[in-house]
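Reading the structure
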Amino acid sequence: MKKTTIFFTILLISFSFASCDEEDIIKILPDFDVNLIDTEIIPVHVDQTNGEWATFTNSVQISIINNDTKDYLNKIKNVKINKLSYKIINFNGDPIGEVDASFWVDNSVSLNNAFVVQTSANNGTIYQITDVDELSRIANALLANNTITVKYSGNALCDDDDMDFDVEVTLDAKITIDP
């Protein structure tokens, strides 16, 4: 009798697991986080200005889509930005050339600054968005669209020579997925 009871218990448990489908199993899985670091380059070129400020603008896309998230795009529950920053790299040109520019994220200005470009590049100065409300706005835009536009635009003065540099944008975020 004991063996029969054990057999039927095991049989019953087997049937209960067999009746579960993938969706039932996914419902009991816990949320998981994916750490994402995306680095994009915005190239900037400014012709020699000869005393007059010249305008420039260029943009790139930043995205939360990668190999770890692409299968879960419709299941992303939250985006938290740990850090969104940029720095000037690969400078070439007028050593006293300067910019007065804005860093735009998803069609809104996130930072404004003015500096001598070569000095910023040589010092490795990092310009970081620290406003919590602004980071939340950007995170919500990424959650809604997965990809957003980042733009660097403004005015430059480089009287001694042309000026070329790259704006290296780095997004460090935590993506929470509800499988």
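Residues numbered from 1 in each chain as written. Predicted model: local features only at pLDDT ≥ 70, side-chain atom pairs only at ≥ 80, totals over all residues. Heavy atoms only, no water.

With that settled, the discussion passes to unusual backbone geometry. Not every positive phi belongs to a glycine, and Asn-90 is a case in point at roughly 55°. A positive phi angle is found at Asn-146, which is not glycine, with a value near 70°. Mapped onto the elements, Asn-146 comes out in the loop between helix H4 (132-145) and strand S7 (147-157). What makes Asn-146 buried here is its relative accessible area of 16%. (Helix = DSSP H or I, 4+ residues; strand = E, 2+ residues; numbered from the N terminus. Buried < 20%, exposed > 50% of the residue type's maximum accessible area, 1.4 Å probe, protein only.)

In this structure, Leu-84, Tyr-152 and Phe-165 are the most contacted members of the largest nonpolar core, which totals 43 residues. Those elements that provide at least two residues to this core are strand S1 (32-46), strand S2 (54-63), strand S3 (76-93), strand S4 (98-105), strand S5 (108-116), H4, S7 and strand S8 (163-177). (Core = buried A, V, L, I, M, F, W, Y, C linked by side-chain atoms within 4.5 Å.)

Within the structure shown, the criterion is met by 7 aromatic pairs. Between Phe-115 and Tyr-127, the aromatic rings sit 5.0 Å apart at their centres with planes inclined by 20°, giving stacked as the arrangement. Remark: Tyr-127 occurs in strand S6 (residues 126-128) and Phe-115 occurs in strand S5; sequence separation between them is 12 residues. With a relative accessible area of 12%, Phe-115 lands in the buried category. Ring-pair connections join several aromatic residues into one group, and the members of that group are Phe-56, Tyr-86, Phe-103, Phe-115, Tyr-127, Tyr-152 and Phe-165. Across the ring face of Trp-104, the terminal group of Lys-151 is positioned such that the distance to the ring centre comes to 4.5 Å. (Phe/Tyr/Trp six-rings, centres within 6.5 Å; stacked < 30°, edge-to-face > 60°. Lys NZ or Arg CZ within 6 Å of the ring centre and 35° of its normal.)

It is worth spelling out the sheet that holds S5 at this point. Spatial ordering of the open sheet is given by S2-S7-S4-S5, a layout of 4 strands whose pairing is antiparallel. The open sheet is flanked by S2 and S5, the only strands paired with a single partner. On average, each strand axis in the sheet is tilted by 20° relative to the strand beside it, whichever way the strands run. Direction of pairing for S4 relative to S5: antiparallel, over a ladder of 8 bridges. Looking at the pairing, Asp-100 lines up with Ala-114 of S5. (Pairing = 2+ DSSP bridges. Axes fitted to C-alpha atoms, helices over the stretch in contact; angles between N-to-C directions.)

Our next topic: the sheet that holds S3. Two strands in a sheet stick together by hydrogen bonds in their backbones, pointing the same way (parallel) or opposite ways (antiparallel). The strand order S1-S8-S3-S6 describes an open sheet built from 4 strands, whose pairing is antiparallel. Across the chains shown, the open sheet's two edge strands, defined by having one partner strand only, are S1 and S6. The mean angle between the axes of side-by-side strands here comes to 20°, regardless of whether they run parallel or antiparallel. Here S1 pairs with S8 via 15 bridges, running antiparallel. Residue pairing for S8: Ile-37 is matched across the bridge by Asp-172.

Turning our eyes to something else, we now look at a negative patch on the surface. A contiguous patch of negative charge, built from Glu-98, Asp-100, Asp-159, Asp-160 and Asp-161, is present on the exposed surface. Relative to the helices and strands, Glu-98 resides in strand S4. (Patch = residues over 30% accessible without salt bridge, like charges linked within 9 Å, V, L, I, M, F, W, Y side chains within 5 Å. Areas by Shrake-Rupley, 256 points an atom, 1.4 Å probe, with all protein chains shown as cover. Salt bridge = Lys/Arg side-chain N within 4 Å of Asp/Glu carboxyl O. Lys, Arg positive; Asp, Glu negative; His and termini not counted. Charge placed at Lys NZ, Arg CZ, Asp CG, Glu CD.)

The next subject is the pattern of salt bridges. The full count for this structure, using the stated rule, is 5 salt bridges. The shortest N-O distance in the salt bridge between Glu-168 and Lys-87 comes to 3.8 Å. Of this pair, Glu-168 sits in strand S8 while Lys-87 sits in strand S3; the two residues are 81 residues apart in sequence, bridging distant segments of the chain. Note on Lys-87: relative accessible area 28%, which makes it partly exposed.

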